[in-house]
Amino acid sequence: MQPSLTVVVPVYNEASFLPEGLPKLIEAVESVGSPYEIRLVENGSTDGTAQLARELSGQANVIVESLREPDYGAAMRLGFLQADSDWVVNFDIDYFSADFLARLIDQPDSVDLVIGSKRDPRSEDRRPLIRRVATLVFNLLLTVILGSKVSDTHGMKGFRRKLVDDIAPQVVSTKDLFDTELVIRAERAGYEIVEVPVVVEEIRSARSSLIKRAPRTVAGLIRMRRLLRSG
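Presented here is a report on the structure given in the accompanying data block. What you see is a predicted model; the values in this text were computed from it and never measured. Each chain has its residues counted from 1, following the order in which its sequence is written. The model is predicted, so local features are restricted to residues of pLDDT at least 70 and side-chain atom pairs to those at 80 or more, both for listing and for counting; the totals for chains, interfaces and linings are taken over all residues. Heavy atoms from the whole structure form the basis of all side-chain values; hydrogens and water molecules are not counted.

A count of helical and extended segments in the protein gives 8 helices and 9 strands. With the radius of gyration taken over C-alpha atoms, the globule rule is written as 2.2 Å times the number of residues to the power 0.38. In terms of C-alpha radius of gyration, the protein reaches 17 Å, essentially the compact-globule figure of 17 Å for 231 residues. Seen along its three principal axes, the alpha-carbon backbone of the protein occupies a region of about 45 × 40 × 35 Å. In the protein, which comprises 231 residues, the proportion classed as buried is 52%. Within the protein, residue pairs in contact and separated by at least 24 positions form 81% of the contacts whose partners lie at least 6 positions apart. Values of accessible area rely on a 1.4 Å probe in the Shrake-Rupley scheme; residue burial ignores everything except the protein chains shown. A total of about 11,000 Å² of accessible surface is found on the protein, and carbon and sulfur atoms cover 52% of it. In the protein, 30 side chains carry a positive charge and 33 a negative one; their mean positions are 8 Å apart. Put simply, DSSP H or I for four residues or longer makes a helix, DSSP E for two residues or longer makes a strand, and each gets a number counted from the N terminus. Categorising residues by exposure relies on relative accessible area from a 1.4 Å probe, with only protein chains included: less than 20% of the type maximum marks a residue as buried, more than 50% marks it as exposed, and the intermediate range marks it as partly exposed. Whether two residues touch is decided by their heavy atoms; if any such pair falls within 4.5 Å, the residues are in contact. Under the counting rule used here, the positive set is Lys and Arg, the negative set is Asp and Glu, and His together with the chain ends is not counted. Charge positions are represented by NZ for Lys, CZ for Arg, CG for Asp and CD for Glu.

Listed below in structure tokens is the structure:
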């Protein structure tokens with residue numbers, strides 16, 4: 001029997017994109033043939049995202065939850081801690097891959113975390129140069145500030161349920177860095193991590209400003225270093 005999947009997707013003010021993105025996401029997840037549930041965690045939306053998501057899902061294995069405040073990391077945390085499956089997967093509504101899921105469920109039992117790395121030499125990154133440079137700089141900061149050896153912490157990832165149960169409750173970071181701290185804690189705890197190639201192509205313009213995110217991200221990584229040292 002195929003391992004089961006919980007796909008956690010934080011969504012914020014996505015009413016205009018859900019009619020296009022959600023059916024494609026469901027199709028991608030169903031194509032791998034594993035038992036699954038999709039958890040859409042709406043957080044702080046003001047455009048009716050949660051109601052529209054419930055209307056569009058049309059099936060019991062798409063679960064829509066809501067948080068009052070806009071917080072990507074808090075949304076991911078909620079979805080992860082409520083998951084009850086063999087693998088817990090982090091997708092975005094505009095960035096997901098059936099190929100990544102196929103690689104995930106094909107992993108041996110020894111693998112605990114699978115990262116779809118945009119910086120894997122076999123990956124095909126079709127994003128604008130500025131976005132690729134931003135990824136390179138961010139991962140350089142991971143190495144310099146946190147001593148990490150993984151090449152990417154943002155994007156598609158799949159975690160064994162035991163790793164989530166063991167590590168996710170310890171994660172303090174929210175916003176953009178919940179998943180980064182989860183990966184770093186797993187790396188330091190000795191969990192087996194595999195990176196696989198991905199095809200990265202923006203299907204719409206980026207919604208967040210790199211200039212606004214950069215200072216917050218650097219400050220967050222420095223706080224994370226202090227936190228992990230004290231812990």
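This part takes up the pattern of salt bridges. When the charged atoms of two side chains with opposite charge come close together, those side chains can pair. Basic side-chain nitrogens of Lys or Arg form a salt bridge, by our definition, when they fall within 4 Å of a carboxyl oxygen of Asp or Glu. Tallied over the full model, the rule gives 15 salt bridges. With a closest N to O distance of 2.8 Å, Glu201 and Arg126 form a salt bridge. One end of the pair, Glu201, is in the loop between strand E9 (199-200) and helix H8 (210-230); the other, Arg126, is in the loop between strand E6 (124-125) and helix H5 (129-146), and 75 residues separate them in sequence. Judged by relative accessible area, which is 44%, Glu201 ranks as partly exposed. Residue class for Arg126 comes out partly exposed when judged on its relative accessible area of 41%.

This next bit is on helix H3 (residues 72-82). All of the buried residues in H3 are Gly73, Ala75, Met76, Gly79 and Phe80. Projection of H3 onto a plane perpendicular to its axis shows the buried side chains occupying an angular sector of 160 degrees, all on one side. Polar contact is defined as a pair of N or O atoms within 3.5 Å, subject to the rule that within protein one atom must be able to donate a hydrogen and the other to accept it, and that residues adjacent in sequence are counted only when both atoms are side-chain atoms. One side-chain oxygen of the residue at the start of H3 lies 3.1 Å from the amide nitrogen of Gly73, identifying that residue as Asp71. The directions considered for the arc are those from the helix axis to the C-beta atoms.

Structurally, the position occupied by Ser45 is in the loop between strand E2 (36-43) and helix H2 (49-57). Engagement of the side chain of Ser45 in a polar contact is seen with the backbone nitrogen of Asn13, the distance being 2.7 Å. Residues contacting Ser45, with those up to four places away along its chain left out, are Val11, Tyr12 and Asn13.

Let us look at a nonpolar patch on the surface. Like charges within 9 Å and nonpolar side chains (Val, Leu, Ile, Met, Phe, Trp, Tyr) within 5 Å are joined into patches, using only residues over 30% in relative accessible area that form no salt bridge. A cluster of nonpolar side chains, contributed by Leu129, Val133 and Val137, occupies part of the molecular surface with about 250 Å² of accessible area. Position of Val133 relative to the elements: it lies in helix H5. For Val133, a relative accessible area of 37% translates into the label partly exposed.

Each strand in a sheet pairs with another by means of backbone hydrogen bonds, the pair being arranged parallel or else antiparallel. Only strands joined by at least two bridges in the DSSP assignment are considered to pair. Taken together, 7 strands build an open sheet; the order of strands is E3-E2-E1-E4-E7-E5-E8 and the sheet is mixed. On the outer flanks of this sheet lie strand E3 (62-67) and strand E8 (193-197), each paired with one strand and no other. Going from strand to strand, the sheet's axes swing by 20 degrees on average, the running direction of each strand aside. Of the pairings in the sheet, the one linking strand E5 (residues 113-117) to strand E7 (residues 157-160) comprises 3 bridges and is antiparallel in character. Each bridged residue has a counterpart across the sheet, and for Ile115 the counterpart in E7 is Lys157. Contacting strand E1 (5-11), E2 and E3, H2 runs over the sheet at an angle of about 175 degrees to E3. In this analysis an axis means a line fitted to C-alpha atoms, helices contributing only their contacting stretch, and an angle means the value between N-to-C directions, from 0 to 180 degrees.

Right, let's get into H5. For a helix, the expected span equals 1.5 Å multiplied by the residue count minus one. If you check H5, its first and last C-alpha atoms are 25 Å apart, about what 18 residues at 1.5 Å a residue would give, namely 26 Å. Downstream of H5 by one or two residues, Gly147 has phi in the positive range, about 65 degrees.

Phi at Asn13 takes a positive value of approximately 45 degrees, unusual for a residue other than glycine. Following the sequence through the fold, Asn13 ends up in the loop between E1 and helix H1 (18-30). Looking at Asn13, the relative accessible area reads 18%, which means it is buried. The phi torsion at Lys175 lies on the positive side, around 50 degrees, for a residue other than glycine. Looking at where Lys175 falls in the secondary structure, it is placed in the loop between helix H6 (161-167) and helix H7 (178-188).

Quick look at the packing of H3 against H7 now. At a minimum axis distance of 8 Å, the contact between H3 and H7 shows a crossing angle of 55 degrees. Relative to H7, H3 is oriented oblique. Each of Gly73, Met76, Arg77 and Phe80 in H3 lies in contact with H7, whose residues at this interface are Phe178, Asp179 and Leu182. Roughly parallel means an angle under 35 degrees; roughly antiparallel means over 145; roughly perpendicular covers 65 to 115; every other angle is labelled oblique.

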